[in-house]
Amino acid sequence: MKYFALIDPGLSPGAVNKLKKFDIEPVRVPATGLVDSPVAGHPDLQVFLNNGNAFVHPGIDRNFIRKISQFCNVTFGSTKLTRTYPGDIAYNIAVTGDTAFHLKNETDPVIKEYFVTNGITLAHVKQGYTKCSTLIVDDKSIITADKSINETAIKNGFASLLITPGYVNLPGYKYGFLGGASGRFRNMIFFTGNIDSHPDRERIYSFINDRGLTVELLSDEPAYDAGSLLISSY
């Protein structure tokens, strides 16, 4: 089985090379002028990826579509992205197992239909940037700094670790999100860099390790929000 990862075009060369060492094919998501420039290349704003199915916004670069079509099934959503919230969140959905977390009224309708067809429950949360805000550990475990996601996850039978917001770099913003600085691959959680400055570092590591997973750092620099590492097989 082969793997690919949708990544921000600005992901550090060291992190890209580390992905390749795991035999993961990095695929850069082209920056779009439709959203705020600091997040213009963030994969989790332009693509929703689930079980080998990629849902993309109508204005996405067509060369990129041709590239990822060799890795997964591509479907165009009906929601056009716009620069200001909530116009940029339609595809920023966190899914684990058979549950999706998102701001229901803003979820792309094509993706909603996909959820219904595939028996995925859409759990409403107040946070629109759900994928950025959620580190998916396994089918029933997440880590988040968002209270709404945390409360909804617990109500739906998930183990959820609520952490302190911040301590993740995102140039152009006060801070980024841990979900946006990570991705799961096999039995590992990748971070774009270290989280040594995070006050909940030990709790985060313990939560991951207690579920039989390990942490792999893609660089020695502090972790930064790169719009998630969207990793799938093909």
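Residues numbered from 1 in each chain as written. Predicted model: local features only at pLDDT ≥ 70, side-chain atom pairs only at ≥ 80, totals over all residues. Heavy atoms only, no water.

**Overview of helix α7 (residues 201–209)**
Looking at α7, one finds that the buried residues are Ile 204, Tyr 205, Phe 207 and Ile 208. Relative to the axis of α7, the buried residues are bounded by an arc of 160 degrees and lie together on one face. Along its buried surface, α7 packs onto β9 (134–138), β10 (141–144), β11 (159–162), β13 (188–191) and β14 (214–217). (Buried < 20%, exposed > 50% of the residue type's maximum accessible area, 1.4 Å probe, protein only. Helix = DSSP H or I, 4+ residues; strand = E, 2+ residues; numbered from the N terminus. Arc of directions from axis to C-beta. Contact = heavy atoms within 4.5 Å.)

**Concerning helix α6 (residues 147–155)**
Count 3.6 residues to each turn of an α-helix, and residues three or four apart come out pointing the same way. Among all positions in α6, only Ser 148, Ile 149, Asn 150, Thr 152 and Ala 153 are buried. Where α6 is buried, its residues contact β7 (99–102), β8 (121–124), α5 (130–133), β9, β10 and β11. Measuring from the backbone nitrogen of Ser 148 back to the side-chain oxygen at the start of α6 gives 3.0 Å, which picks out Asp 146 as the cap. Gly 157 sits one or two positions beyond α6 and adopts a positive phi of about 85 degrees. (Polar contact = N/O pair within 3.5 Å; in protein donor to acceptor, adjacent residues only side chain to side chain.)

**So, the pattern of salt bridges**
Under the criterion given, the structure shown has 4 salt bridges. Where Arg 201 meets Asp 196, a salt bridge forms, and the shortest distance between an N and an O atom there is 3.1 Å. A relative accessible area of 22% means that Arg 201 is categorised as partly exposed. (Salt bridge = Lys/Arg side-chain N within 4 Å of Asp/Glu carboxyl O.)

**Concerning the environment of Ala 94**
Relative to the helices and strands, Ala 94 is located in strand β6 (residues 94–96). Taking the C-alpha atoms as reference points, Ala 94 and Ile 136, 42 residues apart in sequence, are found 7.8 Å from one another. Those residues in contact with Ala 94 that lie beyond four places of it in its chain are Thr 99, Ala 100, Phe 101, Thr 130, Lys 131, Thr 134 and Ile 136.

**Considerations on the side chain of Asp 108**
Structurally, the position occupied by Asp 108 is in the loop between β7 and α4 (109–117). At 9.5 Å, Lys 112 is the nearest oppositely charged side chain to Asp 108, a buried residue that forms no salt bridge. Among the polar contacts made by the side chain of Asp 108, one reaches the main-chain amide nitrogen of Ser 78 at a distance of 2.9 Å. Beyond its immediate sequence surroundings of up to four residues, Asp 108 is in contact with Gly 77, Ser 78, Thr 79, Ala 90 and Tyr 91. (Lys, Arg positive; Asp, Glu negative; His and termini not counted.)

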